[in-house]
Amino acid sequence: MQAKVSWAGGVSFSAESGSGHTITLDGPPNLGGENLGARPMELILMGLGGCTAFDVMTILKKTRQDVTDCVAQLSAERADAVPSVFTNIHVHFVVTGHHLKDKHVARAIKLSAEEYCSASIMLEKGGVTMTHGYEIVELDT
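A brief look at the structure comes next. (Residues numbered from 1 in each chain as written. Predicted model: local features only at pLDDT ≥ 70, side-chain atom pairs only at ≥ 80, totals over all residues. Heavy atoms only, no water.)

### Structural notes on the sheet that holds strand β5 (residues 86–98)
Next, step 1: If you trace the 3 strands from one edge of the open sheet to the other, you get β4-β5-β6, paired in mixed fashion. The sheet is open, and its two borders are formed by β4 (66–78) and β6 (129–138), each paired with just one other strand. In this sheet, neighbouring strand axes are inclined to one another by 15° on average, regardless of whether the strands run parallel or antiparallel.
Next, step 2: Of the pairings in the sheet, the one linking β4 to β5 comprises 12 bridges and is antiparallel in character. (Pairing = 2+ DSSP bridges. Helix = DSSP H or I, 4+ residues; strand = E, 2+ residues; numbered from the N terminus. Axes fitted to C-alpha atoms, helices over the stretch in contact; angles between N-to-C directions.)

Structural data, given as C-alpha cells:
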C-alpha cells in the first residue's frame, strides 16, 4: 500500500492514495488553515468507520440480513497533551432493514471489532479504548 501527500500551501495538503484517489487535508484557521479539507486525525477516525462498516455489511450480507442502510457513528476523545492521540473511541451502528436479527447484528459488530477490522485492532493495540454499540431500525414491510 502506498500514498503520497503533497504540500499545497499554508497548512493544506493534497493526499493521493495508491489506488489513485485524491483528498484535501487542511487545518483550522486558528492554526493557519483555510478549512479546505478534513484534519488528519479526522481521516483516521473516518477510515476506522469505513473499515468496520465494510466488515459489518459484508458479514450481514453473508447471513442474508435484509439491510437497507448501515451508518457507523464515531465519537473519539483525545489526550490533552501533545501528542494528542486518541484515548477512547466509540462506534455506534444504526442498522436499518427488514426482519433484522439482533444476534446477527451483534455478531457482525463483534467479529469486525475482534477479528477483521485492521484499523480497529491496530488502534486498540496502540492503547485506544474501543467500545461499540448498535441499534436496529426495523422498516415496515
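### Here we look at the sheet that holds strand β1 (residues 3–9)
Next, step 1: The strand order across the open sheet built from 3 strands is β1-β2-β3, with neighbouring strands paired in antiparallel fashion. Every other strand in the sheet has two partners, leaving β1 and β3 (22–25) as the edge strands with one partner each. Here the strands of the sheet are splayed against their neighbours by 25° on average, with no regard to which way each runs.

### Some remarks on the packing of aromatic side chains
Next, step 1: Counted under the stated rule, the structure contains 0 aromatic pairs.
Next, step 2: Seen from the ring of Phe 86, Arg 78 lies directly overhead, with NZ or CZ sitting 6.0 Å from the centre. (Phe/Tyr/Trp six-rings, centres within 6.5 Å; stacked < 30°, edge-to-face > 60°. Lys NZ or Arg CZ within 6 Å of the ring centre and 35° of its normal.)

### With respect to a nonpolar patch on the surface
Next, step 1: Together, Val 5, Trp 7 and Phe 13 make up an exposed nonpolar region whose accessible area comes to about 340 Å².
Next, step 2: Within the secondary structure, Trp 7 is located in strand β1.
Next, step 3: Judged by relative accessible area, Trp 7 falls into the exposed class, the value being 61%. (Patch = residues over 30% accessible without salt bridge, like charges linked within 9 Å, V, L, I, M, F, W, Y side chains within 5 Å. Areas by Shrake-Rupley, 256 points an atom, 1.4 Å probe, with all protein chains shown as cover. Salt bridge = Lys/Arg side-chain N within 4 Å of Asp/Glu carboxyl O. Buried < 20%, exposed > 50% of the residue type's maximum accessible area, 1.4 Å probe, protein only.)

### Topic: helix α2 (residues 102–116)
Next, step 1: With 15 residues, α2 should cover 21 Å at 1.5 Å per step; its first-to-last C-alpha distance of 20 Å lies within 8% of that length.
Next, step 2: If you check which residues of α2 are buried, you get His 104, Val 105, Ala 108, Ile 109, Leu 111, Ser 112 and Ala 113.
Next, step 3: Next to the buried residues of α2 lie α1 (40–62), β5, α3 (118–125) and β6. (Expected span 1.5 Å × (residues − 1). Contact = heavy atoms within 4.5 Å.)

### Some details on the pairing of β5
In regular strands, side chains alternate between the two faces of the sheet.
Next, step 1: As paired elements, β5 and β6 share 10 bridges and run parallel to each other. Note on β6: the bridge partner recorded for Asn 88 is Thr 129.

### Here we look at the pattern of salt bridges
Next, step 1: Scanning the model with the defined rule gives 1 salt bridge in all.
Next, step 2: Glu 114 serves as the salt-bridge partner of Lys 110, at 3.0 Å between the closest nitrogen and oxygen. Placement of both Lys 110 and Glu 114 in helix α2 is noted, with a separation of 4 residues, approximately one turn of the helix.
Next, step 3: The class of Glu 114 is exposed, set by a relative accessible area of 52%.

### Observations regarding the environment of Phe 86
Next, step 1: Take Phe 86: it is sitting in strand β5.
Next, step 2: Residues Phe 86 and Ile 59, 27 residues apart in the sequence, show an inter-C-alpha distance of 27 Å.

### Topic: the side chain of Gln 65
Next, step 1: Along the chain, Gln 65 falls in the loop between α1 and β4.
Next, step 2: A relative accessible area of 10% places Gln 65 in the buried class.
Next, step 3: For Gln 65, the side chain forms a polar contact with the main-chain nitrogen of Lys 101, separated by 2.8 Å.
Next, step 4: When neighbours within four sequence positions are excluded, Gln 65 is seen to be in contact with Leu 60, His 99, Leu 100, Lys 101 and His 104. (Polar contact = N/O pair within 3.5 Å; in protein donor to acceptor, adjacent residues only side chain to side chain.)

### A few points about the packing of α1 against α3
Between two packed helices, the angle of one axis relative to the other and the distance separating the axes together describe the packing.
Next, step 1: Across the interface, α1 lies against α3 with an axial gap of 7 Å and an inter-helix angle of 130°. Here α1 is positioned oblique relative to α3, judged by the angle of their axes. For the pair α1 and α3, the contacting residues are Ile 44, Leu 48 and Cys 51 in the first and Ser 118, Ala 119, Ser 120 and Leu 123 in the second. (Parallel < 35°, antiparallel > 145°, perpendicular 65-115°, else oblique.)

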